[in-house]
Amino acid sequence: MAATNPESPSTFRTASACPLDCPDACSLEVSVEGGRIVSIGGSRVNPLTEGYICAKVRRFPEHLYGPDRVRVPQIRTGKKGEGQFRRASWEQALDVIAARMRQLASRGHGDRILPFSYGGSNGYLSQDTTDARLFSRLGASRLARTVCAAPSGAAADGLYGKMPGVAFPDYVHARLIVLWGVNPSVSGIHLVPHILEARRRGAKLVVIDPRRTRLAAQADVHLPVRPGSDLAVALALHRWIFESGAADETFLAEHATGVDEFRRRAASWTFARAAEVAGVSAGDLEKFARLYAETEPAVVRCGWGLERNRNGGSAVAAVLALPAVAGKFGVRGGGYTMSNSKAFDLDALSAARADAWTTREVNMNRLGSALLGEDGGRVELLFVYNSNPAATIPDQGKVLRGLSREDLFTVVFDPVLTDTARYADVLLPAATFLEREELSRGYGALVLQRARPAAEPVGESRPNHEVFADLCRRAGVARDGDPETAEELTRSILDASREGQAIEARLSQGAAAFPGGNPAPVQFVDVFPRTPGAKVRLVPEELDAAAPEGLYGFRPDPATAAFPLALISPATDRTISSTLGDLHRGPVPLEIHPQDARRRGISDGDAVRVFNERGEVLCRARSNATLPVGVVLLPKGLWRHATENRATATALVPDSLTDIGGGACFNDARVEVERRGP
Ligand code: SF4
């Protein structure tokens, strides 16, 4: 699409695709006037988009042209964290960076370089292409990208080899929809109309979420579980399904391994025990179990809320095991949806000719420890792109202390002046997805799209793949024949895929491509586990060995008498992780149940201190009766300007790791709240 207004050739509409960290991968229609993007709406190239998008991306022009946009390369002049810079040319900036890289690599200290990136764009061209080539050839430390989806990814891979999930439009065929740890009203909004349509057709709805979200308020069963207790709830369901005779033993015998061991591990989880742990009624657990066992088709939308705690990987594994144990596959609208990010057989890393990489691995959730040398290694050069760790990574105080190190050379490559960018020694302006080529995939929507630039990049900003290719040359690690341009990289990625030609045929017509050409596969009819023998592995040995208590081993709540309240930090309708946090400058309150507030002498609007042994957040209180007693809330993705002391929820989050996958335990933060001042 490129519709030009004949009376004003500089006014036109063009097509794009959203690669931001959201399941839906919307197809976009972008209006451009005089070289500037003036509005963004949805198109129908990706059928799931249905012509509308979220309010977040509708505001993207403010982000593109706002005061925080980084327009030129800059070099630090002030203290670390002050955000004071002087202008530099690209030549100067890249030469400074490349010289540092060469120096470290030539001394055998390549692993003192730490590349740090996550999810600022899920496009194939902006991460894991020329960046991976650069850092692998320098022998840099490897980053374990674990801040989100690592435990659930490990579970989905272990049980099913990341089998593609139920397509969102197929939810209308379900008679029971289970939303577990997911709130599509604010993230992945295109699932909502399909849920509502299924409800109109008579489907039941079960929501497992500590909060009474919009969909939870209209559910047939809402289980407001204590954060970290989802595993107990899922195992209690399994126990009942096995013991009541509702398990599909025929399916299990033919398609699953580890059945007896799994049954044994669930056996001690009575409804009473799970109800006690989760803070819900045993009666509601039984109601849910009966509904699930008796309803066909039944689909589970498993989100990422349940993975963010010490039991997170096991919880996701137990939830994903439900359709296998209860025999819910093989019918349209039955099964589960987790992440579909691996639905295509595309491998950007190999296509970009990254070297095999065996240096030390740094878990991104322990960035603070890595920067402070607490993990035994040393980081001298930190290169941050597609992410904002000062705002998003656990133990914010430690991360900020690490970023403040005078002897740390930090490069930040970002479209806007993030909290992390303020700590940069060299700041590089990155082009956004609307200003460059991209190959965008969904991880909810089963779709791949190609996006061309809708407008010229603001200032001197440049695309990721271009800058990393340039750095490869300057650092002396480029090789003849390396694909460098967007065109070369795209061709290289598609050429290596079995489906490459079919995908290219669709993309070259401006259409969306679907894995295997099928936008809505049925599990165990069109798609099967990608595991040995195509079996569901209910107790994968590698996960069992990795989990401290073994897979499905429950670790109790970390609350103490001093810090009894569970702090959660869920996604909101304002930011995509921390992307677009620049647009939300107002102070953000702590949400607290009226009963918890009263006990502490706190009234609505009072100044409060939220604290634990790790740090404190100073803000106002807002009473919220839709939270369970004992749970408080600060939103995910806040920038530091959102609170009085420039600390966000991550200041209170431990840098402990989930049972499998090395994930972040955001919902294991336990805190106390007190009123401040008169
Ligand atoms: S953030 Fe999600 S809903 Fe919003 S435009 Fe992007 S893909 Fe669509």
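Participant: Requested: an account of the overall build of the chain, with residues and values cited.
Facilitator: Across its full length, the chain carries 22 helices and 27 strands. Here the chain has a C-alpha radius of gyration of 25 Å; the compact-globule value for 678 residues is 26 Å, and the two agree. A total of 678 residues make up the chain; the buried ones form 62% of that total. Put simply, 76% of the contacts in the chain that link residues at least 6 apart link residues at least 24 apart. Surface summary for the chain: the accessible area is close to 24000 Å², and the carbon and sulfur share equals 48%.

Participant: Account for the site of the ligand, with residues named and values stated.
Facilitator: Around the ligand sit C18, C22, D24, A25, C26, I53, C54, V57, H190 and I576, and those are all the residues in its vicinity. The class makeup of the residues in the shell around the ligand is eight nonpolar, one polar and one charged.

Participant: Tell me about unusual backbone geometry, and name the residues and values.
Facilitator: Negative phi characterises most residues that are not glycine, and trans characterises most peptide bonds. Geometrically, the link from E296 to P297 is a cis peptide bond, its omega value of -20° lying close to zero. As for its placement among the helices and strands, P297 is situated in the loop between α12 (282-294) and β13 (298-302). In this structure, N386 takes a positive phi of about 55° despite not being glycine. According to the relative accessible area criterion, N386 is buried, its value standing at 11%. Residue Y552 is not a glycine yet carries a positive backbone phi of 75°. The topology assignment puts Y552 in the loop between α21 (541-546) and β22 (565-568). Y552 gets classed as buried once you look at its relative accessible area, which sits at 4%.

Participant: Can you tell me about the sheet that holds strand β27 (residues 670-675), naming the residues and giving the values?
Facilitator: What the six strands build is a closed barrel, ordered β22-β26-β23-β25-β24-β27; its pairing is mixed. Ignoring strand direction, the axes of neighbouring strands in this sheet form an average angle of 45°. Where β22 meets strand β26 (residues 631-633), three bridges bridge the pair, whose relative direction is parallel. Bridge pairing in β26 links L567 to V632.

Participant: I'd love a proper account of the pattern of salt bridges, names of residues and values included.
Facilitator: When the charged atoms of two side chains with opposite charge come close together, those side chains can pair. Enumeration over the complete set of coordinates arrives at 57 salt bridges. A salt bridge links D355 to R137; the shortest N-O distance between them is 3.6 Å. In this pair, D355 sits in the loop between α14 (348-351) and β15 (361-363) while R137 sits in helix α4 (residues 130-138), placing the two residues 218 residues apart along the sequence. Under the relative-accessibility criterion, R137 is labelled buried at 13%. Here R142 makes a salt bridge to E361, at a shortest N to O gap of 4.0 Å. With a gap of 219 residues between them, R142 in strand β8 (residues 142-144) and E361 in strand β15 connect regions that are remote in the sequence. The class for R142 is partly exposed, based on a relative accessible area of 24%. Salt bridges linked by common partners bring R133, R137, R353, D355, R479 and D482 together as one network.

Participant: Can you explain the side chain of R137? Please cite residues and give values.
Facilitator: In this structure the side chain of R137 is engaged in a polar contact, spanning 2.9 Å, whose partner is the backbone oxygen of R353. Setting aside anything within four residues of it in sequence, one finds R137 in contact with R353, D355, V477, A478, R479 and D482.

Participant: Explain the packing of aromatic side chains residue by residue, including any values.
Facilitator: Following the criterion strictly, the structure yields 23 aromatic pairs and no others. With 5.9 Å between their ring centres and 55° between their planes, W180 and F288 make a pair best called tilted. Highlighted residues: W180 in strand β9 (residues 176-180) and F288 in helix α12, separated in sequence by 108 residues. The exposure classification of W180 matches that of F288, with both residues buried.

Participant: Quick one: what's the story with the environment of G119, residue by residue and with numbers?
Facilitator: Within the secondary structure, G119 is located in the loop between β7 (113-117) and α4. Sequence-wise, G119 and S577 are 458 residues apart; in three dimensions their C-alpha atoms are separated by 8.5 Å.

Participant: So what's going on with the environment of A105? Residues and values would help.
Facilitator: Position of A105 among the secondary structure elements: in helix α3 (residues 90-106). Taking the C-alpha atoms as reference, A105 lies 5.9 Å from L138; in sequence the two are 33 residues apart. Setting aside residues no more than four positions away along its own chain, A105 makes contact with G110 and L138.

Participant: Residues and numbers for the packing of helix α5 (residues 150-160) against helix α13 (residues 312-325), please.
Facilitator: Put simply, α5 and α13 touch, their axes get as near as 8 Å, and they point 40° apart. Taken as axis vectors, α5 and α13 run oblique relative to one another. Our pair here, α5 against α13, has a crossing hand that is right-handed. Every residue of α13 that contacts α5 at P151, S152, A155, A156, L159 and Y160 is listed here: G312, G313, V316, A317, L320, A321, P323 and A324. Per-class residue counts for the contact of α5 with α13 are 11 nonpolar, three polar and no charged.

Cut-offs used in this document
Starting afresh in each chain, residues are numbered from 1 along the sequence in its written order. Note on the predicted model: pLDDT of at least 70 is required for a residue's local features to be given, and 80 or more for side-chain atom pairs to be given and counted; whole-chain, interface and lining totals, by contrast, use all residues. Excluded from the side-chain calculation are hydrogens and water; included are all heavy atoms of the structure. Only DSSP runs of H or I covering at least 4 residues are called helices, and only runs of E covering at least 2 are called strands; the numbering of each starts at the N terminus. Note on method: radius of gyration uses C-alpha positions; expected globular size equals 2.2 Å times residues raised to 0.38. Accessibility here uses a 1.4 Å probe with only protein chains present; expressed as a share of the type maximum, an area under 20% marks a residue as buried, one over 50% as exposed, and anything in between as partly exposed. Whether two residues are in contact is decided by their heavy atoms: any pair within 4.5 Å suffices. Reported accessibility uses the Shrake-Rupley method at a 1.4 Å probe radius. Residues are deemed covered only where the shown protein chains occlude them. Whether a residue is near a molecule or strand depends on its heavy atoms: if one lies within 4 Å, it is near. Under the scheme applied, nonpolar residues are Ala, Val, Leu, Ile, Met, Phe, Trp, Tyr, Cys and Pro; charged residues are Asp, Glu, Lys and Arg; polar residues are all the others, including Gly. Strand pairing follows a simple DSSP-based rule, namely that at least 2 bridges must link the two strands. Axes here mean lines fitted to C-alpha atoms, for a helix over just the part in contact, with angles spanning 0 to 180 degrees between N-to-C directions. In what follows, salt bridge is the name for a side-chain nitrogen of Lys or Arg lying within 4 Å of a carboxyl oxygen of Asp or Glu. Any pair of nitrogen or oxygen atoms within 3.5 Å is treated as a polar contact; in protein, a donor-acceptor pairing is required on top of that, and neighbouring residues in sequence qualify only through side-chain atoms on both sides. Aromatic contacts are taken between Phe, Tyr and Trp rings whose centres are within 6.5 Å, Trp giving its six-membered ring; a plane angle under 30 degrees counts as stacked, one over 60 as edge-to-face, and the others as tilted. The labels follow the angle: roughly parallel below 35 degrees, roughly antiparallel above 145, roughly perpendicular from 65 to 115, and oblique for the rest. Less than a right angle of anticlockwise turn of the near helix away from the far helix marks a crossing as left-handed, whereas a clockwise turn marks it as right-handed.

The values reported here are purely geometric and, on their own, carry no functional implication.
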